[in-house]
Amino acid sequence: MKQDIHPDYHEITVAMTDGTEFKTRSTWGAAGDRLKLDIDPTSHPAWTGVHRLVDTGGQLAKFNKKFENFGL
């Protein structure tokens, strides 16, 4: 294996949407960082079967405003 070309592999904390947390090892961020998930298996429609819209950047509101008078 070549020296000094691999990313740092360290422990981080992952926070799920329901508030639970777990520790894992990753190359993301720095040692001790906290990764907060917006969508995970407890909230994703593929696993829950319930469709829920998540509008984190206002894109859904922008779309609705643009096409409000379209009339389907």
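Quick caveat, the model's predicted, so the values are computed rather than measured.

We now examine the overall build of the chain. Scanning the chain from N- to C-terminus turns up 2 helices and 3 strands. In sequence order, the secondary structure elements of the chain are arranged as β-β-β-α-α. Scaling as 2.2 N^0.38, a compact globule of 72 residues should have a C-alpha radius of gyration of about 11 Å, whereas the chain reaches 19 Å, well beyond that. The C-alpha extent of the chain, read off along each of the three principal axes, is 60 × 25 × 20 Å. Summarising the internal contacts of the chain: among those between residues at least 6 apart in sequence, 9% fall at separations of at least 24. When the accessible surface of the chain is totalled, it reaches about 6,400 Å², and 55% of it is carbon and sulfur.

A positive phi is found at D4, a non-glycine position, where the angle reads about 60 degrees. Turning to its location among the elements, D4 is positioned in the segment before β1 (10–15). Judged by relative accessible area, D4 falls into the exposed class, the value being 78%.

The next subject is the pairing of strand β2 (residues 21–26). By the bridge criterion, 6 bridges tie β1 to β2 in an arrangement that is antiparallel. Each residue of the ladder has a partner; that of E11, found in β2, is R25. Adjacent in sequence and paired antiparallel, β1 and β2 are bridged by 5 residues, among which G19 carries a positive phi angle near 100 degrees.

A cluster of nonpolar side chains, contributed by F63, F67 and F70, occupies part of the molecular surface with about 340 Å² of accessible area. Inspection of the secondary structure puts F67 in the segment after α2 (59–66).

Taken together, 3 strands build an open sheet; the order of strands is β2-β1-β3 and the sheet is mixed. Edge strands, defined here as strands with exactly one partner in the open sheet, are β2 and β3 (34–36). Within the sheet, the average angular offset between the axes of one strand and its neighbour, ignoring direction, is 35 degrees.

Conventions used here
Residues numbered from 1 in each chain as written. Predicted model: local features only at pLDDT ≥ 70, side-chain atom pairs only at ≥ 80, totals over all residues. Heavy atoms only, no water. Helix = DSSP H or I, 4+ residues; strand = E, 2+ residues; numbered from the N terminus. Rg over C-alpha atoms; globule rule 2.2 N^0.38 Å. Contact = heavy atoms within 4.5 Å. Areas by Shrake-Rupley, 256 points an atom, 1.4 Å probe, with all protein chains shown as cover. Buried < 20%, exposed > 50% of the residue type's maximum accessible area, 1.4 Å probe, protein only. Pairing = 2+ DSSP bridges. Patch = residues over 30% accessible without salt bridge, like charges linked within 9 Å, V, L, I, M, F, W, Y side chains within 5 Å. Salt bridge = Lys/Arg side-chain N within 4 Å of Asp/Glu carboxyl O. Axes fitted to C-alpha atoms, helices over the stretch in contact; angles between N-to-C directions.

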